[in-house]
Structures are given as structure tokens and as C-alpha cells.
Amino acid sequence: MIVIYTEDNDITSNLVIDWISALYSGEIKRINTDYFAMPKDEDYHIDISESIPAKSIWYRRPGRKPLPIRMIQETLFLEKNKYPELEVRMIQSGNSELENINSYDLTYKYKAEKILGALKFDVNKFEVLRIAKELGIVIPKSILTNSKSKLINFFNECNGEIISKMHDMLLCDIKETHSTYATYTEKIEIDFINDLPERFFVGHFQEKLEKLYEIRTFYLDGELFSMAMFSQKDKRTSVDFRRYNRENMNRRVPYKLPSTLEDKIRLLMQKIGLNSGSLDIVKTKDNYVFLEVNPIGQFGFVSNACNYKLHKKIAEYLTQ
């Protein structure tokens, strides 16, 4: 049996499962982790002393959250509850219990010697940048601040070329209008800073890199598959390539990173406990500058543009 933790609408999982079906005759168990809820019409059972054996496990998108308890059934009280604080405490306790059960279910319900991915839906990107720097990987100048004066100093230090960067990306689909709201990396101008109060919500700011091109690298158990994107040639994508210009897409080509940098990336992935993930790198005139790694990042556009056949390679990894 091959177990895949993913989400209901993840096309990447569909493509990998198609390849697994062609390579493997055993059971494929797909568990959509959009939410975790106790089933009401069927049994839920885990023997804490045992785990169900599997050939391999792929934590494609494991970051599910339990559906929260929002009210306590009146039938659970021996008498009518007269104390609102008691109900609040019971809800908190119930939600904590669900969190623990959900975590145990994800971690221990199935066991396998071969595991791809990790239970990390995300990583602390500030910590990853720090580790990368310690390994000798170039990173951008960065500050975390809520101070207008400190931000002005940083702005001047970077010769007026800085960006704001949110690490917890907001992505919200609005069903009523069939539209999506998302956060993007933005260039920060002095007029914007001047309008800020002396103290504001803490933000992450980086120097704006003069890039020749961007590189997206998919890491698969020690192998690196890289693609160069010439996003700087389009004003719309020059700061953040995710502002896709679908009428004139950025040129994308296969790319080979220097072997010394690839070795440092392998060390970085080992230190943060990941055997797969998508890395973002900027090539400037003088350096390769590491930006971030996403444990569950999309890689289909890298595979398709560069003919890497990554969906098949993942299927082979899980079935061998």
C-alpha cells in the first residue's frame, strides 16, 4: 500500500497517482487533508500500540487542521449550564483534544521505511535563511521591524531599493465573484514609508535584488532539478513572478546550478529535515542569492517547461 496525504483539489497528486497506477499493482490510499473531522456515520478507530504498514508514504500536503468545536451540546451537561466560562473551557479542551488526535493520526496511523516529504506544511523561513547563511549560501539583506526610523535607515542603506515580503502567504478564493485575493512581494517607495506611523505592525523587508533571472529548483532526495525564469524582462513579473502575464509568459529553460551551491543546498535540506521541496534563488551579476524553500511547493511548471518528468520520478521513488 502507498499512502498519500494531500488535498482534494491538488492536480499534482492526480498526475503522480496516474503514474503510480501504471507502475504499481498494490493499493493506493489517498487521504485528503483539507480538514480533519471525526466521522459521524462510520467508526473511527486507531490502536495506539500499532500502526498500519505501508510500502511508502508521501506527505504531499499534510497541513490539515481539525474542524473546530464551536459549541457544546446541551446533552453533555448533567444540568443546564449556568456558567459561560465553563462552556468556553470545554470548547478549548475539546479543540485541544482534536488537535492531538489529528497530529497522532497523521504521524503514526501508517508506517513505512520510505517517506517522501514531511509533516511540515511550512518552515520558519527566517530560521532557514539563518541556516543558509551559516552554510555559506548568499542571502538578501533583511530586517524585521515595526519602527519607521529603522525602516528609513534600511531604505537608505539599500540605496532606496527595498521590498516587503510576507512569509505567511494569504490566498483567499472568493466563491461569489470567482476571484482570488493573494499577497505579493512589493517594492517599497519612500512616500509609502513617510505615510507610516512611528510604530506599525511588524514587517519583513529585504533589499531589492538586481536580478539577471530567477531560478526555481525542485529538490528530490538529493537530486536537484532547476529552471531559469526570465521574469525581469516583464514589468508585471519583475518584482514577483507570480503576477503571471498569461498573454506573454516568462521564458523558462532548464538550468544547472554550480556544483558547490548544489552541495550546500543538500546540506541545507538535511539540516531542516526535508527530502523534497521547491527552492527560490535569484541570479544577480555577482551571486546566486537564496530566497526560500517551500516544502509543498508546486513543481509541475518546472517539470513541464524543462521536460524533467517529475511526476513520474516521484511515482518511481514511491514504488521502488
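Along every chain, residues carry numbers that run from 1 in the direction the sequence is written. Selection of residues for local features in this predicted model requires a pLDDT of at least 70, selection of side-chain atom pairs for listing and counting requires 80 or more, and totals for whole chains, interfaces and linings are taken over all residues. Only hydrogens and water are set aside when side-chain values are computed; all heavy atoms of the structure are taken into account.

Once that is clear, we can look at the sheet that holds strand E10 (residues 162-164). Taken in spatial order, the four strands of this open sheet run E9-E14-E10-E13, and their pairing is antiparallel. Strands with a single pairing partner mark the edges of an open sheet, and in this sheet they are strand E9 (142-147) and strand E13 (186-188). Strand-to-strand twist in this sheet, taken as the mean axis angle between neighbours without regard to direction, amounts to 40°. When E10 meets E13, the two strands line up antiparallel, connected through three bridges. Looking at the pairing, Ile163 lines up with Lys187 of E13. Contacts are assigned to residue pairs with any non-hydrogen atoms lying within 4.5 Å of each other. Fitted lines through C-alpha atoms give the axes, limited to the stretch in contact for helices. The angle between two N-to-C directions lies from 0 to 180 degrees. Each helix is a run of DSSP H or I of at least 4 residues and each strand a run of E of at least 2, with the numbering of both proceeding from the N terminus. Taken strand by strand, helix H4 (residues 148-157) contacts E9, E10, E13 and strand E14 (199-207), and its axis lies near 145° from that of E9. Two strands are counted as paired when DSSP detects at least two bridges linking them.

In what follows, salt bridge is the name for a side-chain nitrogen of Lys or Arg lying within 4 Å of a carboxyl oxygen of Asp or Glu. A complete count under the given rule lists twelve salt bridges for this structure. A salt bridge links Glu134 to Arg130, with the shortest nitrogen-to-oxygen separation between them at 4.0 Å. Of this pair, Glu134 and Arg130 are both found in helix H3 (residues 125-134), four residues apart, which corresponds to roughly one turn of the helix. Here the two residues Glu134 and Arg130 agree in accessibility, since each one is exposed. Here Arg216 and Asp280 are joined by a salt bridge, their closest N and O atoms 2.6 Å apart. Separated by 64 residues along the polypeptide, Arg216 in strand E15 (residues 211-220) and Asp280 in strand E18 (residues 276-284) bring together distant segments of the chain. Bridged by salt links that share partners, the residues Lys256, Glu262, Asp263 and Arg266 form one connected network. Each residue is assigned to one of three classes by its accessible area relative to the maximum for its type, calculated with a 1.4 Å probe on protein chains only: buried under 20%, partly exposed between the two thresholds, exposed over 50%.

Here the focus is the sheet that holds strand E17 (residues 252-255). Read across the open sheet, the five strands follow the order E17-E16-E15-E18-E19; overall the sheet is antiparallel. Two strands close off the open sheet at either side, each with one partner strand: E17 and strand E19 (288-294). In this sheet, neighbouring strand axes are inclined to one another by 25° on average, regardless of whether the strands run parallel or antiparallel. Of the pairings in the sheet, the one linking E18 to E19 comprises six bridges and is antiparallel in character. Note that in E19 the partner of Lys283 across the bridge is Tyr288.

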